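# Summary of structural features
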Amino acid sequence: MKFQWNLLFGLLFAIVIALFAIVNVEAVKVNYIFGEAQWPLILVVLGSAFLGAIISIFVAMFRSVQSKHRLKELQKEMTAKELTIAAQQNEIAELQKQNARRAENTPVTEKLAE
């Protein structure tokens, strides 16, 4: 559902930008670091919007890759900790068995006192 809302807002935003660009068709001076040029404002607006979208997509992809990498690290860490817990539970069970055997083999002091 969230994806559908994002798509809807994205389409509405694109329509608003397109309408804004269509209304502004006169030429404007664009200053570059190495010079300047005259461009129709519609191309400047659409080009800026397109460049912003591309940058946003790359940032989202980078974050997604980072998240997947972190997820794999956490899964490995969780598996290692689960193995440690299982080993410790086995060790506790062995100690409990040893204590039970010792309790069976030791004479009860109350019976000796009678």
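Each value, and the rule that gives it
In this numbering scheme, every chain counts its residues from 1 along its sequence in written order. Totals for whole chains, interfaces and linings use every residue, but because this is a predicted model, local features are given only for residues with pLDDT of at least 70 and side-chain atom pairs only at 80 or more, for both listing and counting. Think of the side-chain values as coming from all heavy atoms in the structure, minus any hydrogens and water. Runs of H or I in DSSP of at least four residues are treated as helices and runs of E of at least two as strands, each being numbered from the N terminus. Throughout, radius of gyration means the C-alpha value; the globule benchmark is 2.2 Å times the number of residues raised to the power 0.38. Under the scheme applied here, a residue whose accessible area is under 20% of the maximum for its type counts as buried, over 50% as exposed, and between as partly exposed, the area being computed with a 1.4 Å probe on protein chains only. Note on definitions: a residue-residue contact is assigned when non-hydrogen atoms from the two residues lie within 4.5 Å. Working definition of accessibility: Shrake-Rupley area with a 1.4 Å probe, residue cover restricted to the visible protein chains. For this analysis, a salt bridge means a side-chain nitrogen from Lys or Arg found within 4 Å of a carboxyl oxygen belonging to Asp or Glu. Residue-level confidence of the predictor is summarised by pLDDT, bounded by 0 at the bottom and 100 at the top. Between 30 and 60 degrees the pair is tilted, below 30 it is stacked and above 60 it is edge-to-face, where a pair is any two Phe, Tyr or Trp rings, Trp via its six-membered ring, whose centres lie within 6.5 Å. Patch construction takes residues with relative accessible area above 30% that form no salt bridge. Like charges are linked within 9 Å, and nonpolar side chains (Val, Leu, Ile, Met, Phe, Trp, Tyr) are linked within 5 Å. Strands are labelled as partners when DSSP assigns at least two bridges between them.

Below, the discussion takes up the overall build of the chain. Scanning the chain from N- to C-terminus turns up 3 helices and 2 strands. Seen in sequence order, the chain has helices and strands lined up from the N terminus as α-β-β-α-α. A compact globule built from 114 residues should have a C-alpha radius of gyration of about 13 Å, whereas the chain, at 35 Å, is more than 25% larger. Across its three principal directions, the C-alpha atoms of the chain cover 115 × 35 × 20 Å. Classification of the 114 residues of the chain by burial places 5% in the buried group. Taking as baseline every contact in the chain between residues at least 6 positions apart, the subset at least 24 positions apart corresponds to 19%. Only carbon and sulfur atoms are counted for the fraction: they give 67% of the accessible area of the chain, which is about 10600 Å².

If you walk through the whole model with that rule in mind, you get 2 salt bridges. Across the pair R70 and E73 runs a salt bridge, and its minimum N-O distance is 3.4 Å. Of the two residues, R70 and E73 both sit in helix α2 (residues 41–105), 3 residues apart, roughly one turn of that helix. A relative accessible area of 36% means that E73 is categorised as partly exposed. Of the charged contacts in the structure, one is a salt bridge between E77 and K81, with a shortest N-O distance of 3.4 Å. A residue pair is termed a helical-turn pair when its members lie 3 or 4 positions apart in one helix, as E77 and K81 do in helix α2 at 4 residues.

What follows is about the confidence of the model for the chain. Averaged over all residues, the pLDDT of the chain equals 87, while 93% of them reach at least 70. The weakest mean pLDDT in the chain belongs to helix α3 (residues 109–113) at 51; the strongest belongs to α2 at 92.

For the rest of this paragraph, the subject is the packing of aromatic side chains. This structure, assessed with the given rule, holds 2 aromatic pairs. For the pair Y32 and F34, a centre-to-centre distance of 5.5 Å together with 5° between the ring planes defines the contact as stacked.

A surface patch of nonpolar side chains, about 880 Å² in accessible area, is lined by M1, W5, L8, F9, L12, I15, L19 and I22. Examined against the element boundaries, L8 turns out to sit in helix α1 (residues 2–23).

The pairing of strand β1 (residues 27–31) with strand β2 (residues 36–40) spans 5 bridges and is classified as antiparallel. From the neighbouring strand, N31 faces β2, where its bridge partner is E36.

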